[in-house]
Each structure stands twice: as structure tokens, then as C-alpha cells.
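Notes for the structure review
Read off the chains here:
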Amino acid sequence: TVSFTPPALSLGSYAWRVQGVNADGTGIFSTPRTFIVALSAPTLNSPADGASSTVQTPNFTWGRVSGASSYQIQVDTSSAGTTNCSPSVGAAGLGYSAPVAIDQTVSDPGSGTSVSFTPSVDLADGNYVWHVRSITGSILGCYSNENDLTVDDNTAPLAPNLESPADGSFTK
């Protein structure tokens with residue numbers, strides 16, 4: 001086994017291949033492989049993993065990633081499994097399958113240590129998972145690990161509207 005570590009690479013897509021050489025000559029190149037150098041995944045701040053919220057539009061916050069121009073947050077009712085990067089997943093990681101409860105791009109604020117997002121629509125009572133990835137230009141970063149969140153506004157349902165039979169009526 002021979003290994004080679006290149007100097008630091010800029011963000012972007014790359015291909016690599018190897019050619020063997022010995023005293024008898026030069027061999028053919030290997031089949032090329034590709035990889036992407038992307039920004040790191042954001043660190044999720046809040047809601048914390050396993051948190052409960054009585055607010056149906058909870059404020060989601062995560063740490064800024066140096067070099068990111070925007071972020072993609074996804075909130076859904078079920079996990080896609082592995083959400084961050086790994087050799088078997090691919091460079092951009094797995095997002096949740098459409099349709100999702102929230103799939104929103106949020107601009108980097110340009111200062112501070114964190115980014116926040118508050119949904120414009122209520123999340124129904126239930127269990128959710130959420131994750132975020134950093135984006136710069138056309139390079140999609142890896143998704144963060146996911147956090148679980150339970151939304152329960154603790155509001156009892158309204159009284160039903162009775163229609164039939166009418167109050168005080170007789171039936172046969």
C-alpha cells in the first residue's frame with residue numbers, strides 16, 4: 001500500500017488516478033475517482049437533541065461555518081438514517097426525502113458565532129428530526145448530525161360543533 005497526502009486543496013471537485021512505474025516500464029492509469037472538498041458540517045445549538053417545545057415555531061440555531069455563504073435546514077418527521085458524510089453516502093450526505101416539513105435555505109448573517117431560523121409556518125404537534133448543512137457557491141457541504149425535537153403546544157382541542165340532531169328535537 002502506498003499513500004500520498006496532497007497539499008491543502010481549495011473547495012471544489014477533484015479527480016485522481018494512479019499509474020504504476022517500475023524497471024520494466026510504465027503501466028496504464030487506474031480508473032479515475034472523484035471527491036469533493038467541502039465546508040465542514042455546522043454544529044447544532046438549539047433546540048438541543050431530545051428537547052421539547054410548546055412553541056410551534058421553535059427557533060433553530062447552529063454554529064456558523066467559516067466560508068459558508070448560506071445553510072440548508074431540513075426538519076422532518078422521520079430520519080433518513082445517516083445524515084452526515086461518509087464514504088458510502090457521498091460528498092453531500094443524505095437529505096430527508098421529499099416532502100419534508102421544512103427545507104429552507106438561510107443566508108449566513110456575516111457576523112456573530114451562530115445562525116438562527118424561525119419557521120414561518122407552525123409545526124404540528126409531533127416528533128421531528130432536524131439537521132443543517134453549509135453551502136458556499138455551488139458546493140454543498142455535509143449535513144450535521146441530527147437532533148430530535150418534540151413539539152406539543154399543550155392546547156386541548158376545541159369543543160366540537162354539534163350539528164344533528166338539533167338541541168331539544170324529537171327523533172323517531
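First things first, this report covers the structure right here in the doc. (Residues numbered from 1 in each chain as written. Predicted model: local features only at pLDDT ≥ 70, side-chain atom pairs only at ≥ 80, totals over all residues. Heavy atoms only, no water.)

**So, the overall build of the protein**
Looking only at helices and strands, one finds 0 helices and 13 strands in the protein. Starting at the N terminus, the α and β elements of the protein follow one another as β-β-β-β-β-β-β-β-β-β-β-β-β. The C-alpha atoms of the protein give a radius of gyration of 25 Å, which is well past the 16 Å a tight globule of 172 residues would have. If one aligns the C-alpha atoms of the protein with their principal axes, the spans along those axes are about 105 × 45 × 25 Å. Here the protein, with 172 residues, has 28% of them falling under the buried criterion. Separation of charge centres in the protein, based on 5 positive and 13 negative side chains, amounts to 16 Å. (Helix = DSSP H or I, 4+ residues; strand = E, 2+ residues; numbered from the N terminus. Rg over C-alpha atoms; globule rule 2.2 N^0.38 Å. Buried < 20%, exposed > 50% of the residue type's maximum accessible area, 1.4 Å probe, protein only. Lys, Arg positive; Asp, Glu negative; His and termini not counted. Charge placed at Lys NZ, Arg CZ, Asp CG, Glu CD.)

**Considering the nonpolar core**
Counting 20 residues, the largest nonpolar core has Phe60, Trp62, Ile73, Val75 and Trp130 as its most contacted members. If you list the elements that add at least two residues to this core, you get β7 (60-63), β8 (70-76), β9 (102-107), β10 (114-117), β11 (126-136) and β13 (147-151). In this structure valine 75 touches Phe60, Tyr96, Val100, Ala101, Ile102, Leu123, Tyr128, Val129 and Trp130, once residues within four positions along its chain are discounted. (Core = buried A, V, L, I, M, F, W, Y, C linked by side-chain atoms within 4.5 Å. Contact = heavy atoms within 4.5 Å.)

**Description of the layout of surface pockets**
Looking at the largest pocket, its volume works out to about 280 Å³. Val2, Ser3, Phe4, Pro6, Leu9, Tyr14, Ala15, Trp16, Val18 and Phe35 together form the lining of the largest pocket. Top contributing element to the lining of the largest pocket by residue count: strand β1 (residues 12-16), with 3 residues. Taken together, the residues of the lining of the largest pocket break down into 9 nonpolar, 1 polar and no charged. (1 Å grid on protein atoms, 1.4 Å probe; cavity = no way out; pocket = protein on both sides within 12 Å on 5 of 7 lines; lining within 4 Å. Points joined across faces, edges and corners; volume = space filled by probe spheres on them. Nonpolar A, V, L, I, M, F, W, Y, C, P; charged D, E, K, R; others polar.)

**Examining the sheet that holds strand β5 (residues 44-46)**
In sheet architecture, strand pairing relies on hydrogen bonds along the backbone and comes in two forms, parallel and antiparallel. Taking strand neighbours across the sheet as the criterion, the 3 strands line up as β5-β7-β10 in an open arrangement whose pairing is antiparallel. Each edge of the open sheet carries a strand with a single partner, namely β5 and β10. In this sheet, adjacent strand axes meet at a mean angle of 30 degrees when their direction is disregarded. Across 2 bridges, β5 lies against β7 in antiparallel orientation. (Pairing = 2+ DSSP bridges. Axes fitted to C-alpha atoms, helices over the stretch in contact; angles between N-to-C directions.)

**What about the pattern of salt bridges?**
All chains considered together, the criterion is met by 1 salt bridge. Across the pair arginine 64 and aspartate 108 runs a salt bridge whose closest N-O atoms are separated by 2.7 Å. Taken together, the residues arginine 64 in the loop between β7 and β8 and aspartate 108 in the loop between β9 and β10 connect sequence positions 44 residues apart. Given the relative accessible area of 29%, arginine 64 is considered partly exposed. (Salt bridge = Lys/Arg side-chain N within 4 Å of Asp/Glu carboxyl O.)

**Comments concerning the environment of alanine 23**
Mapped onto the fold, alanine 23 is located in the loop between β2 (19-22) and β3 (25-29). With 25 residues separating them along the chain, alanine 23 and alanine 48 place their C-alpha atoms 60 Å apart.

**Description of the side chain of glutamine 56**
Along the polypeptide, glutamine 56 turns up in the loop between β6 (51-53) and β7. A polar contact is formed between the side chain of glutamine 56 and the side chain of aspartate 125, at a distance of 3.5 Å. In this structure, glutamine 56 is in contact with Val121, Asp122, Leu123, Ala124, Asp125, Val151 and Asp153, ignoring residues within four places of it in sequence. (Polar contact = N/O pair within 3.5 Å; in protein donor to acceptor, adjacent residues only side chain to side chain.)

**Some details on the environment of arginine 17**
Relative to the elements of secondary structure, arginine 17 occurs in the loop between β1 and β2. A relative accessible area of 48% means that arginine 17 is categorised as partly exposed. For the pair formed by arginine 17 and proline 32, sequence separation is 15 residues and the distance between their alpha carbons is 4.7 Å. Non-local contacts of arginine 17, meaning those with residues more than four positions away in its chain, are made with Phe29, Ser30 and Pro32.

**Things to note about the side chain of glutamine 72**
On the secondary structure map, glutamine 72 appears in strand β8. On the basis of relative accessible area, glutamine 72 is assigned to the buried category, the value being 10%. A polar contact of 2.7 Å, which involves the side chain of glutamine 72, links it to the side chain of arginine 133. Polar contacts involving the side chain of glutamine 72 include one to the side chain of tyrosine 143, which spans 3.3 Å. For glutamine 72, the residues in contact, after removing those within four places along its chain, are Asp103, Gln104, Thr105, His131, Val132, Arg133, Ile135 and Tyr143.

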